[in-house]
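So you can see what is in the structure, the chains are spelled out below.
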Amino acid sequence: MIKAVMVMNTQGKTRLAKFYEYLPVEKQQELIRGVFAVLCSRAENVSNFIDAESIFGPDSRLVYKHFATLYFVFVFDSSENELAVLDLIQVFVETLDRCFKNVCELDVVFNYSKVHTILDEMIFGGQVVETSSSEIMKAVEEISKLEAASNAITLIPKSASGWRSR
């Protein structure tokens, strides 16, 4: 099971944090700080797999990937395969690239809801549900169409709005 997904920049600012187990906000912030402390102290030429038991408790692993100024971090338990999670990070980043045309930190900041939608299409309740970037993009495009259609709907019928001007 996926326990958490985090995207943070190289200065430690959290750009996305999603926890799939309930934790108080203070505990979430403490865990994020712990993860960043581990990431920034690691050399570039070491493995992207970390035993996260000291941060997240027993049976916890962490996989991360560093792209430009962002760290993409997935925390999971032993039921998930480390290489599969590393591939899942790759799919997440590829999907963001397809959606934003070369994703950067500002895309994640200013399109927060779309990034969450992409993540929700991939992982639901801590379980991986989709690993195909094209299928995720289809779902995100459908959601965008529905949002656009719902924004076009007015709640006051034209006949009622004309009544008020009489």
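This one's a predicted model, so the numbers in the text were calculated from it and none came from an experiment.

S.K.: Explain the UniProt feature "domain: AP complex mu/sigma subunit" (unreviewed entry) in the protein to me, please; I cannot follow it from the model alone.
M.R.: Feature annotation in UniProt places "domain: AP complex mu/sigma subunit" (unreviewed entry) on residues 1–146, given in this structure's numbering. In residues 1–146, helix accounts for 48% and strand for 24%; the two terminal C-alpha atoms are 30 Å from one another.

S.K.: Hey, could you run me through the environment of Leu16 in this one?
M.R.: The residue Leu16 is located in strand β2 (residues 14–19) in this model. Looking at Leu16, the relative accessible area reads 1%, which means it is buried. Along the sequence, Leu16 and Cys40 sit 24 residues apart, while their C-alpha atoms lie 17 Å from each other. Excluding anything up to four places from it in sequence, Leu16 contacts Val5, Met6, Val7, Phe92, Val115, His116 and Leu119.

S.K.: Whenever I open this one, the packing of helix α3 (residues 82–100) against helix α5 (residues 112–122) confuses me. Can you help?
M.R.: Two quantities define a packed helix pair, namely the angle between the axes and the distance from one axis to the other. Closest axis-to-axis distance for the α3/α5 pair is 11 Å, and the angle between their directions is 140 degrees. What the angle tells us is that α3 and α5 run oblique. For the pair α3 and α5, the sense of crossing is right-handed. Seen from α3, the contacting residues are Leu88, Val91, Phe92, Thr95, Leu96, Cys99 and Phe100; seen from α5, they are Lys114, Val115, Ile118, Leu119 and Met122. A breakdown of the residues in the contact of α3 with α5 according to their chemical character gives 10 nonpolar, 1 polar and 1 charged.

Calculation notes
Residues numbered from 1 in each chain as written. Predicted model: local features only at pLDDT ≥ 70, side-chain atom pairs only at ≥ 80, totals over all residues. Heavy atoms only, no water. UniProt positions renumbered as here; feature names shortened; annotations may be inferred. Helix = DSSP H or I, 4+ residues; strand = E, 2+ residues; numbered from the N terminus. Buried < 20%, exposed > 50% of the residue type's maximum accessible area, 1.4 Å probe, protein only. Contact = heavy atoms within 4.5 Å. Axes fitted to C-alpha atoms, helices over the stretch in contact; angles between N-to-C directions. Parallel < 35°, antiparallel > 145°, perpendicular 65-115°, else oblique. Left-handed = near helix turned anticlockwise from the far one by under 90°. Nonpolar A, V, L, I, M, F, W, Y, C, P; charged D, E, K, R; others polar.

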